[in-house]
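A closer look at the structure
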Amino acid sequence: MDRPTPLVSYWMLIKKEKQALFGYSVWNRYKAWQEPKTDTLRTKDMKFLSATLLIAVSASAQAPPANQLFHGAADLDAAINQAVREDKIPGAVLLIGHDGEVVYRKAYGNRALLPAKEPMTVDTIFDIASLTKVVATTSCIMKLFEQGRIWLDDQVTTYLPEFQGGQSPITIRDLMTHFSGLRPDLDLEPAWTGYETGIRRALTDKPAGPPDAKFVYSDINFILLGEIVKRLSGMPENEYVKTILFAPLGMNETGYLPDPSLRARIAPTEMQKDGVILRGVVHDPTARYMGGVAGHAGVFSTADDLAKFCQMLLDGGDGLFSPVTIRKFTAAATPVSQPILRGFGWDIDSPYSGNRGELFPAGKSFGHSGFTGTSIWLDPASQTYVIFLANSGHPHLRKAITPLRRQVATIAAASVGYEPQSVAQAGDTLTGLDVLAASHFGVLQGRKVGLVTNFSGLDRMGMRNVDLMKQAGVKVVALFSPEHGFGGVEDQENVADAVDQTTGIKVWSLYGKTKRPTPAMLQGIDTLVFDIQDLGVRFYTYETTMLYAMEAAAEAKIPFYVLDRPNPLTGLHVEGPMLDADKLSFIGGYPLPLRHGLTIGELAGLENGEKHLGADLHVIQMSGWKREDWFDATGLAWVNPSPNIRSPQEALLYPGLAMLEYSTNYSVGRGTDSPLEEVGADWIDGRALAAYLAKRAIPGVRIYPTTFTPTASYFSRKTIEGVGFEVTDRDVFNSSKLGIEVMMALARLYPGKIRWDASKTLIGSSAVIAALSSSSRTTGGDAADAAQKGMAEFRQLRGKYLLYR
């Protein structure tokens, strides 16, 4: 049937209007109809689609309010209204921007509860508290930076000579990232007043610790920055920020010291001990003592004005700032040895980042929050910002509303169709199982099938492969399970045979007395099928199980089918070292590099061809997968491929960090909540190791000192020091480089502590082991060079067997 272009055009028009007028159910019907199918579209679906599109086009012409078009409206309303009912907040204003437009804007609950209730309105003016730090003070510093009047790595004494008596290593960077070592706030008792008094106290307040050692969120940092703005600009911060930001952007209802004429629209905050409710007066006591103008608090604003500010940042400055400056100030600027990510002023990933939610990316989006209940979060990748303004401290202080902020941001991200990281279009991948199931398992009909699989053998709807086969009438004679067993929970050697409780089919263990299917196991089977989610790593035993099963099928002269699945680490990244031919084992059954960049189907083709097995191999290819796709681009549900690979980040760190896993005096975090995201030992100094690795400038990863106590594996129930890892840019991150750098660091700092030969089947290369063993005469580059041995030849060989672009 020809696809009617007008309908497609109309529907794409509606999709551009945020896909939301009739919800995603209509969109999904269109998508299902658009996909090439063997079945024809049902007439009633066609009528439903046509009628809906005509209604939608008509409605679009009438330009309904944005709120009616927003997909997440009901969920957002439910979450915020519930918070109001439960007295977590008296009320709030929510504004969401996406792709240059305001897509949701709504007021909830009440602006005031005492002395009388007042309904919240979208133009309510809020005391934005610590949002002042980024909206006002950081913007001022950005402008001064662009003018060449301040340098971020200069010492504070360059601009405030009397700071700490003129003797302090603290820098502007330390102040802006909260790594100065200064205390959280000035003492308020005995009471004091006056801007100059506050500045004098900030200049002389004794640091609680050295700079760069610990993240301590400190108002004193920004009080000092506000004074620097005043001295460099020649005017108080409230006047300077109005000149360089508020007035040019048309933020006409934003500023310090709001005019009394605006009082009726200002959300009140806390009732004081004398019964006075603060309204139009800054809530923060330090800023109040300083007369209402300070670098850390004091600004009042509306959601609409803050939307102008957020959109300006996403648009690259709109002529007020350079795009390069914005990128610099909103990128991580904290010490590389620390797990906290803060920009210059901005929060990126810290204990205060709850308002990021669960979908906006850590490391690539940014925001801030304020004590009064205000918050903003911006994501350049999806061109989205979320402004949530509440006065949760009215008329009395309540518990922090971090869970509500997190919930709102998560719903907002989902509602604008946020696509994680650099994913261009998620959700299109069909695995080999999905493709075969769509054909009702035609090639397996009438066959007696042995299925090599485990808990990862699911279709995109979560159905088990064995159940789908039986429903289609395929005769599954026996099941075969790899390491960790059929259910994936066995984390020990010698997994026993079992029976699948759902189907009653025998499960032969290929990780017990034998690791190969024996003739006895294959009795009565005329077709062997392999369907397991692999990791794309040379020493992941599922690959060897596949190789051994294919060899058994070749010997038995029966067809071998591989139902292909994505390489979760993409099909582009290929990293050494190669596995030497004399180090083959069940851990690595074929000479491959550490990350080979092949799917399990492509690997089967390579091994069948290069080993000349003569297997009757059939790879059921995926649909919709591209080589550059990370797993989260596929739309498939993440299933932990083994007990200690619990996230895509752990999967990415695994190849590099697990190269030393056979060292019994060294932990890779097994038995903790973060396996393969940290390493340590009772002989490691975490700070020293982190500092050494930080100097190596390993791309795409942050490394920080940590302590942990494994509950199993090596160092069980013993607290040890080590380092933790967080991948910040997976596209430039190289697992092998990280692993080699860690090994070289251990060789340099702790010579003789690691027996490299113990992990020879994991490291895989005698050349790399030799470089590690002679660490006093080599550099990290020598080991890295050794890891490239044979890689050019493998890349050329690999090209013959690629099935996907």
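Bear in mind the structure is a predicted one, so any value in this text is a computation, not a measurement.

1. Some thoughts on the packing of helix H6 (residues 131-146) against helix H10 (residues 237-249)
Relative orientation of the contacting elements H6 and H10 amounts to 70 degrees, with a least axis distance of 9 Å. When the axes of H6 and H10 are compared, the pair comes out roughly perpendicular. Along its contact with H6, which presents Val 135, Ala 136, Thr 137, Ser 139, Cys 140, Lys 143 and Leu 144, the element H10 presents Glu 237, Tyr 240, Val 241, Ile 244, Leu 245 and Phe 246.

2. Topic: the packing of helix H19 (residues 648-657) against helix H21 (residues 735-749)
Where H19 contacts H21, the two axes come as close as 7 Å, and the packing angle between them is 45 degrees. Relative to H21, the element H19 lies oblique. In this structure, H19 crosses over H21, and the sense of that crossing is right-handed. Note on element contacts: H21 touches H19 through Ser 735, Leu 738, Gly 739 and Val 742, opposite Leu 652, Leu 653, Pro 655, Gly 656 and Leu 657. Among the residues forming the contact of H19 with H21, the class breakdown is six nonpolar, three polar and no charged.

3. Some details on the nonpolar core
Tyr 666, Phe 725, Leu 738 and Leu 746 are the most contacted members of the largest nonpolar core, which has 96 residues in total. Counting residues per element, this core draws most heavily on helix H17 (residues 541-556), which supplies nine residues. Residues within four places of Tyr 666 in sequence aside, it is in contact with Leu 660, Val 679, Gly 680, Ala 681, Trp 683, Ile 684, Tyr 714, Phe 715, Val 742, Leu 746 and Ile 754. Counting residues in hydrophobic clusters, the runner-up holds 80 residues, among them Ile 199, Leu 225, Val 293 and Leu 320.

4. Some words on the packing of aromatic side chains
Under the definition given, this model contains 18 aromatic pairs. When the ring of Tyr 548 is compared with that of Phe 586, the centres are 5.8 Å apart and the planes differ by 40 degrees; the resulting orientation is tilted. In this pair, Tyr 548 is assigned in helix H17 and Phe 586 in the loop between strand E18 (575-578) and strand E19 (593-595), connecting sequence segments 38 residues apart. What makes Tyr 548 buried here is its relative accessible area of 14%. Judged by its relative accessible area of 11%, Phe 586 is buried. Ring pairing ties together the aromatic residues Phe 145, Trp 151, Phe 329 and Phe 344, which thus form one cluster. Here Lys 143 stacks its cationic end above the ring of Phe 321, 4.9 Å away from the centre of that ring. Sitting over the ring of Trp 508, Lys 506 keeps its end group 4.3 Å from the ring centre.

5. Observations regarding the sheet that holds strand E21 (residues 678-681)
An order of E21-E23-E22 is seen for the three strands of this open sheet, with the pairing classed as antiparallel. Edge strands, defined here as strands with exactly one partner in the open sheet, are E21 and strand E22 (701-708). Direction aside, the axes of adjacent strands within the sheet are offset by 20 degrees on average. In this sheet, strand E23 (residues 720-727) lies alongside E22 in antiparallel orientation, the contact comprising eight bridges. Residue Thr 707 lies in a different strand from E23, and its bridge partner there is Glu 721. Along the sheet, H19 contacts E21 and E23; its crossing angle with E23, the most-contacted strand, is approximately 120 degrees.

6. Describing the pairing of strand E10 (residues 374-379)
On any regular strand, side chains alternate: one points to one face of the sheet, the next to the other face. Within E10, six of the six residues are buried, which leaves it mostly tucked inside the rest of the structure. Burial of the side chains of E10 extends over both faces: Thr 374, Ile 376 and Leu 378 are buried on one face and Ser 375, Trp 377 and Asp 379 on the other. The loop that links strand E9 (residues 366-369) with its antiparallel partner E10 comprises four residues; one of these, Gly 373, has a positive phi angle of about 120 degrees. Strand direction decides the pairing type here: E10 and strand E11 (residues 384-390), joined by six bridges, are antiparallel. Bridge pairing links Leu 378 to Tyr 385 in E11. Taking the residues that link successive antiparallel strands as the turn, the E10-E11 hairpin has four residues, and the phi of Gln 383 there is positive, at about 55 degrees.

Conventions we followed
- Residues numbered from 1 in each chain as written.
- Predicted model: local features only at pLDDT ≥ 70, side-chain atom pairs only at ≥ 80, totals over all residues.
- Heavy atoms only, no water.
- Axes fitted to C-alpha atoms, helices over the stretch in contact; angles between N-to-C directions.
- Helix = DSSP H or I, 4+ residues; strand = E, 2+ residues; numbered from the N terminus.
- Parallel < 35°, antiparallel > 145°, perpendicular 65-115°, else oblique.
- Contact = heavy atoms within 4.5 Å.
- Left-handed = near helix turned anticlockwise from the far one by under 90°.
- Nonpolar A, V, L, I, M, F, W, Y, C, P; charged D, E, K, R; others polar.
- Core = buried A, V, L, I, M, F, W, Y, C linked by side-chain atoms within 4.5 Å.
- Buried < 20%, exposed > 50% of the residue type's maximum accessible area, 1.4 Å probe, protein only.
- Phe/Tyr/Trp six-rings, centres within 6.5 Å; stacked < 30°, edge-to-face > 60°.
- Lys NZ or Arg CZ within 6 Å of the ring centre and 35° of its normal.
- Pairing = 2+ DSSP bridges.

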